[in-house]
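The lines below spell out each chain.
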Amino acid sequence: MSSPTGVPDDAYWQRPDPDSARPAPEPEAPRPTPEPEYQGPPRTGRPSANWRPPTIAHPPPPRSLPPQNMDALDEAEGSARTVTYGVGLVAGAIALILLCLLCARMIF
């Protein structure tokens, strides 16, 4: 690390001699004039008596959902799973065949 004075020795980084004269204290910075104190936002007036929109006192009760056929849902889920597995097996077989062809082409 270099010293800011450009002198290559360590004199800059050494402690000052305790017998040397102390430097004069720095003059105090001028204080700014005090600004007026913030009093907060102004008070708001009261709202009028009719400021709220009219509301419905008693809304109608929610309708009931149609009943679910759990057996039909299970059957549809099973057939969807079968189709998904079938598509995955076909895609895997195609990928395996292409991999074998690619490896055979590189080896031979």
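Residues numbered from 1 in each chain as written. Predicted model: local features only at pLDDT ≥ 70, side-chain atom pairs only at ≥ 80, totals over all residues. Heavy atoms only, no water.

J.: Could you give an account of the overall build of the protein chain, naming the residues involved and the relevant values?
T.: A count of helices and strands for the protein chain gives 1 helix and 0 strands. By its C-alpha atoms, the protein chain is 100 × 85 × 20 Å across when sized along the principal axes. Here the protein chain holds 108 residues, and 1% of them are scored as buried. Carbon and sulfur atoms make up 62% of the accessible area of the protein chain, which amounts to about 12,100 Å² in all. (Helix = DSSP H or I, 4+ residues; strand = E, 2+ residues; numbered from the N terminus. Buried < 20%, exposed > 50% of the residue type's maximum accessible area, 1.4 Å probe, protein only. Areas by Shrake-Rupley, 256 points an atom, 1.4 Å probe, with all protein chains shown as cover.)

J.: Lay out the pattern of salt bridges in plain terms, naming residues and giving numbers.
T.: Summed over all chains, the structure comprises 1 salt bridge. Arg81 serves as the salt-bridge partner of Glu77, at 3.6 Å between the closest nitrogen and oxygen. Taken together, the residues Glu77 and Arg81, both in helix H1 (residues 70-107) and 4 residues apart, mark about one turn of the helix. Residue classification places Glu77 among the partly exposed residues on the basis of a relative accessible area of 48%. (Salt bridge = Lys/Arg side-chain N within 4 Å of Asp/Glu carboxyl O.)

J.: Describe a nonpolar patch on the surface, listing the residues and the values that go with them.
T.: Side chains of Val90, Ile94, Ile97, Leu98 and Leu101 sit close together on the surface and give an oily, nonpolar patch of about 500 Å² of accessible area. Looking at the secondary structure, you find Ile97 in helix H1. Residue Ile97 is classed as exposed on the basis of its relative accessible area of 51%. (Patch = residues over 30% accessible without salt bridge, like charges linked within 9 Å, V, L, I, M, F, W, Y side chains within 5 Å.)

J.: Explain the state of the cysteines to me, using residue names and the numbers behind them.
T.: Going through the model one piece at a time under the given rule, you end up with 0 disulfides. Cys103 takes part in no disulfide bond, and the closest cysteine sulfur, belonging to Cys100, lies 6.8 Å away. (Disulfide = S-S within 2.5 Å.)

J.: Got a sec to walk through the environment of Ile94? Specific residues and values, please.
T.: As for its position among the elements, Ile94 is in helix H1. Ile94 sits in the partly exposed class, given a relative accessible area of 48%. Each C-alpha atom of the pair Ile94 and Tyr38 lies 77 Å from the other, and the pair is 56 residues apart in sequence.

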